[in-house]
Amino acid sequence: MTLEWQVFLTDDGGGRTYLEWLLQAWGWTLGVALAAWCVAIPCGALIGVMRTLQGAPVLSRLGQAWVELFRNIPLLVQIFLWYFVLPKLFPAMQQFSSFWLVVIALGLFTSARIAEQFRAGIESLPKGQRYAGMALGFKTWQLYRYVLLPAALRIILPPLTSESMNLLKNSSVAFAVSITELTMFAMQAQEETSRGIEIYLAVTVLYMISALTINRLLTWVEVRLRIPGQPSSKGPSLTTGH
Amino acid sequence: MRIFQKTPFTVCAAVLAWGMSMGAGTAFAQSNDTLGKVKASGEITMGVRDSSGALSYTLGDGKYVGFHIDVCQKIIANVEKAAGKKLETKYVSVTSQNRIPLVQNGTVDIECGSTTNNTARQKDVSFALTTYVEEVRIAVKANSGITSINQLNGKNVATTTGTTSVQILRKHERAAGVDFKEVFGKDHAESFLLLESGRADAFVMDGQILAGNIALSKNPADYKIVGEVLSVEPIAIMIRKDDAAFKKVADDTIREMAKSGDLAKSYDKWFVQPIPPKNTRVGLPASETTRATWANLNDKPMEDYAKK
């Protein structure tokens, strides 16, 4: 068996080549992942902060409920709930395109995991930092804005990088609700061309390039944000990777 | 971490991809003497499908049944005669993604599923005589008033990812200058759910799959198969390429079955009579094209059917 890469230059019957289709599919993958990331990070940060608020048990419980809800249901099941079940209960949701439903589902699923990272980051700070801020007369939002979050964010950047890469790879579930992203392209194009090995290799390489780009980008951010003298994953005190 | 900073990951990725392609190139070399192979090992491996309608499906518990499995069992009985010994039949469940590589690399000796015989695949594998001709049709809700594909302009049309129907729709769109809003189910059950839940106005798929899904639905009277035949595809049993001796045994068996009427009888058993596990009927008597193929057996690819 020899590899026939020219399959990507053949017409798919609709007036475009498989290569063009592959690139469009890559665009959908990146689009879903990026949009979901924009949902996941703010939601995750908000819920994570809520879970660490002191003297606000209701908000804290609410945050916990959020995390458990979205963390304990398998992603594919969540996607189907958003796609088939909720529109049955709320007919207005039938107008939503499957793209936005997937973005919401993937974004909220990931937000639960990011919330836990924010909580862990904030709770890993010495208690003295919170008390020092309170002693200086900071309001709660100022305490988080100027003391806790800047330090916590730097600590959680490595796991946040992993989670962002996970998000990209998880976007492959979007094929299940009719988004023509890379995984769907692979399944469909290999059936049409009978050249599965070439198709899957190309798709694998694109996934790897995308995930590695995210990795490099966020590692660069990590280095740029590093405070001299503070321990970090890049510093001399810690040599473990992520 | 430090080590990797100096060695770009991309180099590793490229090396890995290259290694995989090299591996694929050599691993697929396989001798083309199936008869000799099964005689030496005493076993033959049948590739089967979990749910390819009444052609090949599972009852659970490692049991596989269907029209094509009946035909394959006849072929294996004749292989046993040719080999002069009893063979143990092993079953391997295949998917549309892996069936061709598995036949090529020798994991599967004879694939008894629902594989379309076309010229692209003939470069990699070989097919026995066509035993079933599939017609791609349209299923709609009975009260929708849709009777033809031309009424689907601007409507949501469901089909299943990884099937040729997706490409048929795409070609039809370009040829007729219409615009479908395609929605893709990840399997046939989900595509049918798209039609059932109103997300799609029509479901375009192989006729027997539509008939099977309608038969299993809550209220079969709510759905109808309508309109013109969108594509005709010869479905055949798949074997390794360039294995004339094995192909002859398979083809002779099918000729024998067609002549004696066993082929039609077996078809009737799976597509017309109630079938396990729920004793439902697919309710799809043999089409004119299928019967014409039985009368005039051939292993022509799909492209030859399109010309007619």
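Keep in mind that this is a model prediction, so the values were computed, not measured.

### Observations concerning the overall build of chain B
Here's step 1: Secondary structure assignment for chain B yields 13 helices and twelve strands.
Here's step 2: Long-range contacts, defined here as pairs at least 24 residues apart, represent 78% of the contacts in chain B between residues at least 6 apart.

### Observations regarding the sheet that holds strand β2 (residues 51–52) of chain B
All names here are of chain B.
Here's step 1: Taken together, three strands build an open sheet; the order of strands is β2-β3-β4 and the sheet is antiparallel. Taken across any chain shown, the strands that pair with only one partner, and hence form the sheet edges, are β2 and β4 (63–65).
Here's step 2: Examined bridge by bridge, strand β3 (residues 56–60) and β4 share three bridges and lie antiparallel to one another. Residue pairing across strands places Tyr57 opposite Val65, the latter belonging to β4.

### A closer look at the nonpolar core
Here's step 1: Core analysis: the biggest nonpolar cluster contains 128 residues, and Val102(A), Ala202(B), Phe203(B) and Ile237(B) have the highest contact counts within it.
Here's step 2: In terms of residues, this core owes the most to one element, helix α4 (residues 98–123) of chain A, which gives twelve residues.
Here's step 3: In this structure, this core is formed jointly by two domains, domain 1 (31–133 + 233–307) and domain 2 (135–232) of chain B, each of which donates at least three residues.
Here's step 4: If we ignore the near neighbours within four places in the chain, the residues touching Ala202(B) are Ile138(B), Ala139(B), Val140(B), Ile146(B), Leu152(B), Lys155(B), Val157(B) and Ala158(B).

### Things to note about the environment of Phe175(A)
Here's step 1: Summarising the element assignment, Phe175(A) is placed in the loop between α6 (140–170) and α7 (182–193).
Here's step 2: Residues contacting Phe175(A), with those up to four places away along its chain left out, are Glu181(A), Thr183(A), Met184(A), Met187(A), Thr161(B) and Lys186(B).

### Examining the environment of Leu87(B)
Residue and element names in this part refer to chain B.
Here's step 1: Locating Leu87 in the fold gives a position in the loop between α4 (67–83) and β5 (88–93).
Here's step 2: Along the backbone, Leu87 and Ala295 are 208 residues apart, and their C-alpha atoms lie at a distance of 31 Å.
Here's step 3: The residues touching Leu87, leaving out its near neighbours within four places in the chain, are Val38, Gly42, Glu43, Ile44, Ile76, Val79 and Glu80.

### Observations regarding the confidence of the model for chain B
Interpreting fine coordinate detail is not advised for predicted regions of low pLDDT.
Residues and elements named next belong to chain B.
Here's step 1: Confidence in the prediction for chain B averages 88 pLDDT; 89% of positions are at 70 or higher.
Here's step 2: Confidence drops under a pLDDT of 50 for residues 21–29, and excluding neighbours within four residues, the segment shows ten contacts in the predicted structure.
Here's step 3: Model confidence for the complex: the whole-complex pTM is 0.79, and ipTM, which rates the interface, is 0.76.

### Description of the packing of helix α3 (residues 34–41) of chain B against α4(B)
Residues and elements named next belong to chain B.
Here's step 1: Between α3 and α4, the least distance of the axes is 10 Å, while the angle of their chain directions is 75 degrees. Overall, the two elements α3 and α4 adopt an arrangement that is roughly perpendicular. Between α3, through Leu35, Val38 and Lys39, and α4, the contact on the second element is made entirely by Val79, Ala82 and Ala83.
Here's step 2: Broken down by class, the residue content of the contact of α3 with α4 amounts to five nonpolar, no polar and one charged.

### Let's talk about the pairing of strand β11 (residues 202–206) of chain B
Residues and elements named next belong to chain B.
Here's step 1: Taken across its five residues, β11 has five buried, putting it largely inside the fold.
Here's step 2: In terms of strand pairing, strand β9 (residues 156–160) meets β11 through two bridges, oriented parallel. Bridging from a neighbouring strand, Val157 pairs with Ala202 of β11.

### Comments concerning the pairing of strand β12 (residues 223–240) of chain B
Regular strands show a simple pattern: their side chains alternate between the two faces of the sheet.
Residues and elements named next belong to chain B.
Here's step 1: Bridging between strand β6 (residues 110–116) and β12 involves four bridges; their strand directions are antiparallel. Across the sheet, Glu111 pairs through a bridge with Met238, a residue of β12.
Here's step 2: When strand β7 (residues 125–127) meets β12, the two strands line up antiparallel, connected through three bridges. From the neighbouring strand, Ser126 faces β12, where its bridge partner is Ile239.

### A few points about the domain arrangement of chain B
Residue and element names in this part refer to chain B.
Here's step 1: Looking at chain B, the domain boundaries give domain 1 (31–133 + 233–307) and domain 2 (135–232).
Here's step 2: Put simply, the middle of domain 1 and the middle of domain 2, counted by C-alpha atoms, are 27 Å apart.
Here's step 3: Counting residues at the interface gives 15 residues for domain 1, matched by twelve residues for domain 2.
Here's step 4: Grouping the constituent residues of the side of domain 1 that touches domain 2 by class yields six nonpolar, seven polar and two charged.

### Let's talk about helix α2 (residues 57–71) of chain A
Residue and element names in this part refer to chain A.
Here's step 1: If you check α2, its first and last C-alpha atoms are 21 Å apart, about what 15 residues at 1.5 Å a residue would give, namely 21 Å.
Here's step 2: For α2, the complete set of buried residues consists of Gly63, Trp66, Val67 and Phe70. All buried residues of α2 project into a common sector of 95 degrees when viewed along the axis, lining one side. Summarising the geometry of α2, the exposed residues directed more than 90 degrees from the buried face are Pro57, Val58, Arg61, Ala65 and Glu68.

### Concerning the packing of helix α1 (residues 18–52) of chain A against α6(A)
A packed helix pair is summarised by two numbers, namely the angle formed by the two axes and the spacing between the axes.
Residue and element names in this part refer to chain A.
Here's step 1: Relative to each other, α1 and α6 sit at 140 degrees, their axes nearing to 11 Å. In terms of axis orientation, α1 runs oblique to α6. For the crossing formed where α1 meets α6, the hand is right-handed. For the pair formed by α1 and α6, the contact residues are Ala33, Ala36, Trp37, Ala40 and Val49 on the first element and Tyr144, Ser164, Leu167 and Leu168 on the second.

What counts, and at which threshold
- Residues numbered from 1 in each chain as written.
- Chains lettered and ligands numbered in written order.
- Predicted model: local features only at pLDDT ≥ 70, side-chain atom pairs only at ≥ 80, totals over all residues.
- Helix = DSSP H or I, 4+ residues; strand = E, 2+ residues; numbered from the N terminus.
- Contact = placed C-beta atoms within 7 Å.
- Pairing = 2+ DSSP bridges.
- Core = buried A, V, L, I, M, F, W, Y, C linked by C-beta atoms within 7 Å.
- Buried ≥ 20, exposed ≤ 12 C-beta atoms within 10 Å, placed from the backbone.
- Domains from an automatic or database assignment.
- pLDDT = per-residue confidence, 0-100.
- Axes fitted to C-alpha atoms, helices over the stretch in contact; angles between N-to-C directions.
- Parallel < 35°, antiparallel > 145°, perpendicular 65-115°, else oblique.
- Nonpolar A, V, L, I, M, F, W, Y, C, P; charged D, E, K, R; others polar.
- Expected span 1.5 Å × (residues − 1).
- Arc of directions from axis to C-beta.
- Left-handed = near helix turned anticlockwise from the far one by under 90°.

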